[in-house]
Amino acid sequence: MAVKADNQKRVKVSQIYGDYLIMLAAPCIVAWRYYGARALLVIAVSVLTAELCDLLACLALGRKFLLKDLSNIFIGAAIALMMPSGIPLYVPASAAAFAVLAAKIPFGGSLKAPFVPAAAGFAFASVCFKELVFDYSYNSSGKLLGARSLGALLANGNSVHLNALNTFDILSGNVAGPMGTGCGILMLGCCAYLFVRRRNALLSTAGFIAACAVFSMIFPRINASPLTSAVLELSSGSLLFAAVFLLTDYSSQPVGGVFKIISGALCGIFCMIMRYVGVYEETVCFAVLLTNGISPVLGSAMAKNPFRSSKKTPQNVSTPSQAENK
């Protein structure tokens, strides 16, 4: 019976990360289209590092290494896509190694990790290699703003007058920035796929995007209309990518639809505040990790609400709902 249960769990892991990898295929193609073979090299190094670190850790701990769970491929690819294509290869390799060895292995695997490993890896690289992680000068010719990213533009209080042409450039990712996260059109397609596979997970995404949009319209960093501010903030950096791929992480998804929305909205507020007052151009991964840390506390507080019915009180706020769509 234990073997059967373990096999079912492995199938679950492969299904979850298999879906993520199907969605990641499109951003990888876009990264290759805009940045050439260099983008594929960065992705390959990050993925291979994640696999190698997991293999060595399993050998050291006496665990069985399972390539088919696909989580290491997702971790490595997601980290690489949030970085510039011209980054030195040791940076995504270091980030992938940290994600696997510090955020995944110590907790028993991706489905048990309290923090999203890919977010932890990127945050580690941002702290250790800040200048490299946010250098988007590689192959920036032909981009809407040249080597300047939307994040740098917003941080300096500068704006872009939106029209049909540059709006399409922004939504299609033809702006300097992370090599695989800037195409908002693709992120919308990924949301449609995830809606079919695990629609409840998108409640966190919806809460996050709504909070970021409202915050940017009420407190714009630029002298522009609220709509322009929201479009530029949502399209900059890895915000939409994180909303689709990191906030929907299976292990850190809270129980209950309302709690998912609240958790996502809280993450959005954290992200925007850190963008406004922080020292990093992109703060979404830090916001995801902070939300991962306080979600169990918030869930416990909601569970103790005397006005809630005992039948509706979540029993485990740190794991996904069993009723969630697969």
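Residues numbered from 1 in each chain as written. Predicted model: local features only at pLDDT ≥ 70, side-chain atom pairs only at ≥ 80, totals over all residues. Heavy atoms only, no water.

Trainee: Sorry if this is basic, but what is going on with the side chain of Ser71 here?
Mentor: Position of Ser71 among the secondary structure elements: in helix 3 (residues 71–81). Setting aside chain neighbours within four positions, we find Ser71 in contact with Tyr17, Lys104 and Ser110. (Helix = DSSP H or I, 4+ residues; strand = E, 2+ residues; numbered from the N terminus. Contact = heavy atoms within 4.5 Å.)

Trainee: Which parts of the structure should I look at to understand the pattern of salt bridges?
Mentor: When the charged atoms of two side chains lie near each other, side chains of opposite charge can form a pair. Evaluation of the coordinates by the stated rule reveals five salt bridges. The salt bridge involving Arg221 is made with Glu233; its shortest N-O contact spans 2.9 Å. Of this pair, Arg221 sits in the loop between helix 10 (202–218) and helix 11 (226–235) while Glu233 sits in helix 11, and the two are 12 residues apart along the sequence. Grouping residues by exposure puts Arg221 and Glu233 together as buried. Linking Glu282 and Arg275 is a salt bridge whose minimum nitrogen-to-oxygen distance equals 3.1 Å. (Salt bridge = Lys/Arg side-chain N within 4 Å of Asp/Glu carboxyl O. Buried < 20%, exposed > 50% of the residue type's maximum accessible area, 1.4 Å probe, protein only.)

Trainee: Would you explain a nonpolar patch on the surface in this entry?
Mentor: A cluster of nonpolar side chains, Leu52, Leu55, Leu56 and Leu59, forms an exposed patch at the surface whose accessible area comes to about 380 Å². With respect to the helices and strands, the residue Leu52 is situated in helix 2 (residues 37–61). A residue is classified by how much of its surface remains accessible, and Leu52, at 48% relative accessible area, is partly exposed. (Patch = residues over 30% accessible without salt bridge, like charges linked within 9 Å, V, L, I, M, F, W, Y side chains within 5 Å. Areas by Shrake-Rupley, 256 points an atom, 1.4 Å probe, with all protein chains shown as cover.)

Trainee: Would you mind going over the packing of helix 4 (residues 90–103) against helix 5 (residues 117–128) with me for this structure?
Mentor: Two packed helices can be described by the angle between their axes and the distance between those axes. Direction vectors running N to C along helix 4 and helix 5 enclose 130°, while the axes themselves pass 8 Å from each other. Taken together, the axes of helix 4 and helix 5 lie oblique to each other. In this structure, helix 4 meets helix 5 at a crossing whose hand is right-handed. Of helix 5, the residues touching helix 4 (which contributes Val91, Ser94, Ala95, Phe98, Ala99 and Ala103) are Pro117, Ala120, Gly121, Phe124 and Ala125. Residues that form the contact of helix 4 with helix 5 fall into these classes: nine nonpolar, two polar and no charged. (Axes fitted to C-alpha atoms, helices over the stretch in contact; angles between N-to-C directions. Parallel < 35°, antiparallel > 145°, perpendicular 65-115°, else oblique. Left-handed = near helix turned anticlockwise from the far one by under 90°. Nonpolar A, V, L, I, M, F, W, Y, C, P; charged D, E, K, R; others polar.)

Trainee: Help me understand helix 11, please; the structure alone is not making it clear to me.
Mentor: Every α-helix winds through 3.6 residues per turn, so residues three or four apart in the chain are directed the same way. With seven of its 10 residues buried, helix 11 lies for the most part within the structure. Each element contacted by the buried residues of helix 11 is listed here: helix 7 (150–155), helix 8 (164–171), helix 10, helix 12 (239–245) and helix 13 (257–277). In the stretch just after helix 11, Gly237 is the one whose phi turns positive, near 60°.

Trainee: What should I look at first to understand the nonpolar core in this one?
Mentor: What tends to happen in soluble globular proteins is that the nonpolar side chains get buried as a cluster. In this structure, Met179, Phe208, Phe245 and Leu246 are the most contacted members of the largest nonpolar core, which totals 77 residues. If near-sequence neighbours (up to four positions away) are discounted, Phe208 is found in contact with Leu239, Ala243, Leu247, Gly264, Ala265, Cys267, Gly268, Cys271 and Val284. Val160, Ile170, Ile222 and Leu232 belong to the second-largest nonpolar core, a separate cluster that totals eight residues. (Core = buried A, V, L, I, M, F, W, Y, C linked by side-chain atoms within 4.5 Å.)

Trainee: Is there a simple way to explain the packing of helix 2 against helix 3 in this structure?
Mentor: Between helix 2 and helix 3, the least distance of the axes is 8 Å, while the angle of their chain directions is 145°. When the axes of helix 2 and helix 3 are compared, the crossing they make is right-handed. For the pair formed by helix 2 and helix 3, the contact residues are Val42, Ile43, Ser46, Val47, Ala50, Glu51 and Asp54 on the first element and Asn72, Ile73, Gly76, Ala77, Ile79, Ala80 and Leu81 on the second. When the residues that make up the contact of helix 2 with helix 3 are grouped by side-chain class, the tally is nine nonpolar, three polar and two charged.

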